[in-house]
Amino acid sequence: MYRRQAVLLGLIEAFGGELGRTDCQKLLFLLAQHESDTRCYDFFPYHYGPFSHIVMQDKRRLTALGYLSDEDGFVIKEAAGYVDRLKAPDHAAVVHLAASVGSVRGRELVRRVYLAYPEYCCRSRVSRDVLTEEEWSEVSSKWHTELSACLFTIGYEGKTIDAILHDITMHNIQCVVDVRRNAISMKHGFSKAALGRYLAASGVQYLHHSELGIPSSMREDLSSPESYQMLFARYRSEILSSASASLLELRRQVSEQGRAALLCFEANPNLCHRHVIAEAMADAMPGLPTLHL
């Protein structure tokens, strides 16, 4: 069992052994704000505030393993001292959260989260229902509303799908262009179908330009800075030079959407061909800013 799954079971037990979906998401979010070293899940702004797809994935897994009941909410099948089994920092964080939140659930819990973390309710469908007009005005004034044209690049290495969706939402990115040659991944949420589905649910367009990717055969010996320089020089001459149609489409997307992002795997953009594409875009669209996330 992963540490995060143990924390999830401990949190449910600490709050009586049963939590609704929204309550569980909000409580886990508050737990994640406690201390960075006890953070187990990433969250992004969604329909009812901070949300994590990985939490729901863990719910399905723990249900299949018999720890949770097969119900809509998060219900422990049988008490087993999950809180006491947690490591000291996690135990202290869960106990502290249970004491500070007490019996607050539902609408009031959502309201408190929105007031304390206003940036996480920018996509909420219920913010006007749970907040007063004065509160909503104050909360919405803190949302990120920048819409000027910008090209972003994103590497998902070391990040969860929730962390990527957080970055996309907070930067108001309207379109994600996948520039992997093969859009498959063992990591949850990053294969083509799943990624497209998650982005669409967040109101973000997904495009896959496989012709802008690098074949794995070209990446076999990358052991030095010089080898990367040779790779990218070859990429420019052999692949990018013949991908004028894709670059034109990418320029169109940026022109129409305003804020688009190139997505690939490597965390460091300088070790990824997406920085070469970004440079070509900057040459073709003078004045277009580029930001590597």
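Whatever comes next refers back to the structure up there.
Conventions we followed
- Residues numbered from 1 in each chain as written.
- Predicted model: local features only at pLDDT ≥ 70, side-chain atom pairs only at ≥ 80, totals over all residues.
- Heavy atoms only, no water.
- Phe/Tyr/Trp six-rings, centres within 6.5 Å; stacked < 30°, edge-to-face > 60°.
- Buried < 20%, exposed > 50% of the residue type's maximum accessible area, 1.4 Å probe, protein only.
- Lys NZ or Arg CZ within 6 Å of the ring centre and 35° of its normal.
- Pairing = 2+ DSSP bridges.
- Helix = DSSP H or I, 4+ residues; strand = E, 2+ residues; numbered from the N terminus.
- Axes fitted to C-alpha atoms, helices over the stretch in contact; angles between N-to-C directions.
- Expected span 1.5 Å × (residues − 1).
- Arc of directions from axis to C-beta.
- Contact = heavy atoms within 4.5 Å.

(A) The arrangement of the packing of aromatic side chains in detail. As enumerated under the stated definition, the model contains 11 aromatic pairs in all. Taking 6.1 Å as the distance between ring centres and 85° as the angle between the ring planes, the aromatic pair formed by F44 and F51 counts as edge-to-face. Taken as a pair, F44 and F51 share a single burial class, namely buried. An aromatic cluster is present here, built from F29, F43, Y117 and Y120 joined pairwise through their rings. If you follow K59 out to its NZ or CZ, it ends over the ring of F74, 5.6 Å from the centre. Positioned above the aromatic ring of W136 is the side chain of R128, whose terminal nitrogen or guanidinium carbon lies 3.6 Å from the ring centre.

(B) Expanded view of the sheet that holds strand β9 (residues 290–292). The 5 strands lie next to each other as β7-β6-β8-β5-β9, forming an open sheet whose pairing is parallel. On the outer flanks of this sheet lie β7 (205–208) and β9, each paired with one strand and no other. Strand-to-strand twist of the sheet, defined as the mean angle between neighbouring strand axes without regard to direction, takes the value 20°. Bridge count for strand β5 (residues 150–155) against strand β8 (residues 259–264) is 6 bridges, and the pairing is parallel. What sits directly across from L151, in β8, is A260.

(C) Broad picture of helix α5 (residues 88–101). Spanning 14 residues, α5 covers 20 Å between terminal C-alpha atoms, matching the ideal 20 Å at 1.5 Å per step. Among the residues of α5, D90, A93, V94, L97 and V101 are the ones counted as buried. Here the buried residues of α5 occupy an arc of 95° about the axis, which is enough to place them on one side. Set apart from the buried face of α5 by more than 90 degrees, the exposed residues are A88 and A99. Residues of α5 that are buried in the fold lie against α1 (3–14), α2 (21–32) and α6 (106–116).

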